[in-house]
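Summary of the model geometry
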Amino acid sequence: MSVDFSAEVTERLIRYAKIDSQSDANSPTAPSTDRQFGMLKLLVKELTALGASDVRLTDYGVVLATIPATTDRKAPVMGWLAHVDTAPGFPAECVKPRLHSAWDGSPIIFPDAPDLVLTPEQSPYLAQCKGHDIITASGGTLLGADDKAGVAIIMAAAGHLLAHPEIPHGKIRIAFTPDEEIGRGVDARLPADLGADFAYTLDGADRGEVVHETFSADAATIQITGVSIHPGQAKGKLVNALHLAAKLVSALPQATLTPETTEGREGFLHVNELTGNAAEAVVKVLLRDFERDGLAAQGALLHKLCDALQAAEPRAKITCTITEQYRNMRYWLEDDMTPVNLAHAACKAAGIEPFALPIRGGTDGSRLTEKGVPCPNIFTGMQMIHGPLEWISAQDMAAAVHVLLVLADLAAKPAKG
Ligand SMILES: [Zn+2]
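Below you will find a few notes about this structure.

Enumeration according to the criterion identifies 19 salt bridges in this entry. Among the ionic pairs, R330 bridges to E291, the shortest N-O distance being 3.0 Å. Residue R330 is located in helix 7 (residues 330-333), and its partner E291 is located in the loop between strand 13 (280-289) and helix 6 (292-312); the two are separated by 39 residues in the primary sequence. Across the pair E334 and R330 runs a salt bridge whose closest N-O atoms are separated by 3.2 Å. You can call R330 buried: its relative accessible area is 15%. One continuous salt-bridge network, built from bridges that share partners, spans E8, E11, R12, R15 and E46.

This part is about the nonpolar core. Among the nonpolar cores identified, the biggest contains 64 residues, and W80, F176 and Y200 are the most heavily contacted of them. Among the elements that take part in this core, helix 10 (residues 394-411) stands out by supplying 13 residues, more than any other. Those residues in contact with F176 that sit more than four places away from it in its chain are L40, L43, L47, G61, V62, V63, A82, V84, V151, I154 and M155. By size, the runner-up hydrophobic cluster in this structure holds 22 residues, among which are A220, L252, A281 and L302.

It is worth spelling out the packing of aromatic side chains at this point. Per the stated rule, a full pass over the model turns up five aromatic pairs. Ring geometry for F215 versus F290: centroids 4.7 Å apart, planes at 40°, classification tilted. Here F215, found in the loop between strand 10 (209-211) and strand 11 (216-225), pairs with F290, found in the loop between strand 13 and helix 6; they are 75 residues apart in sequence, far enough to count as distant. Its guanidinium or amino end placed over the ring of F290, R265 lies 5.2 Å from that ring's centre, counting from NZ or CZ. Between the NZ or CZ atom of R292 and the centre of the ring of Y331, over which it lies, the distance is 3.8 Å.

Cut-offs and rules
- In every chain, residue numbers begin from 1 and rise along the written sequence.
- In keeping with the model being predicted, local features are shown solely for residues with a pLDDT of at least 70 and side-chain atom pairs are shown and tallied solely at 80 or more, while totals for entire chains, interfaces and linings include all residues.
- To obtain the side-chain values, all non-hydrogen atoms of the structure were included, while hydrogens and water were left out.
- The salt bridge criterion pairs a side-chain nitrogen of Lys or Arg with a carboxyl oxygen of Asp or Glu, the two atoms within 4 Å.
- Helix numbers and strand numbers start at the N terminus; a helix is a DSSP run of H or I with at least 4 residues, a strand a run of E with at least 2.
- The classification of residues rests on relative accessible area computed with a 1.4 Å probe and restricted to protein chains. Under 20% of the type maximum is buried, over 50% is exposed, and intermediate values are partly exposed.
- Buried Ala, Val, Leu, Ile, Met, Phe, Trp, Tyr and Cys residues form a nonpolar core when they are joined through side-chain atoms within 4.5 Å.
- When checking whether two residues touch, look at their non-hydrogen atoms; a contact exists if any pair is within 4.5 Å.
- Paired rings are identified among Phe, Tyr and Trp, the last through its six-membered ring, by centres lying within 6.5 Å, and are further divided according to the angle between planes into stacked (under 30 degrees), edge-to-face (over 60) and tilted (the rest).
- Lysine NZ or arginine CZ positioned within 6 Å of the ring centre and within 35 degrees of the ring normal marks a charge as sitting over the ring.

Written out as structure tokens, the structure reads:
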């Protein structure tokens, strides 16, 4: 395959990045923000123009489309997914993408943030990309390559297959989801509507990265109700919920089990919200581990600490509710590694050395896999995401397009052996 997709993915990413499609965790609607419709509706139009079939925008905000099979051979239905939302928490309005063609290795500066500079010291992977076409934002916003790069890659691969029906492949389903960044990308109806035997999210980083392991995640809400009374008449009566909340937080392991003290395959408990007043307080904690046992131990520890606090102050009311968020996709994929092995084989056939990376987070694929659609994650090239230094190499994106095309080819070939 000798087609060079770098110009196309560059054009697509730059165009998509300019469209504000930030999600909002505090919004109860689906999608969480109306501005995501700008991207969703554009993709409906573009997929239709490319000649895709069954193009539709579901009422839960997902764009679905089909690249029809071009072979009679029995091939599995493969899904390709990317998310249209960009991360909340950093400005994403009026993104001004900048293209540094054939980057010469000199520090990359940002017109809207004179103090900001991007060099391999901040982002070591950049050293490998000398000579590549590098895309950044202008300093005041994120770029949104997470995950507009995934969208651009899928659109380029889809465009190529739809323009070349002589290339044999099975049926391919495309899904562009909203609200991945706030953990709400996979609606309960999506697995059935997608109708794929297995799928891939295009939402990874370094060239060659194939993710089949994510965290398992729970969230705990600890509700503390004290005894409220005027402080002037409080002696022996007031039970201050804030003091109890502070005791709980300080009883959590801070030197060994926090995000800031762990890495690699270690799990953590992350206190991420503390709100309230003397009468009532709420502590929110994220539980993360790669293994079920580790996650269960974290839950047991939280319950134990809450029970101890309750026993020490029976006049207060302390409840600890733990809800499931997502599970390590490996639990399901290890039963059948076919989609993972196929992605590794596709990388190799595209001249890229694949590597497995357990990621300290979740993807849309975590939920999809759990719901019966095995869904590893493939690289896009995105780096330093969710901040002003976000950047990506057009050549990495183009390499990911090749991986998708090889995947389409390999999936339609009869299994060897
Ligand atoms: Zn992403």
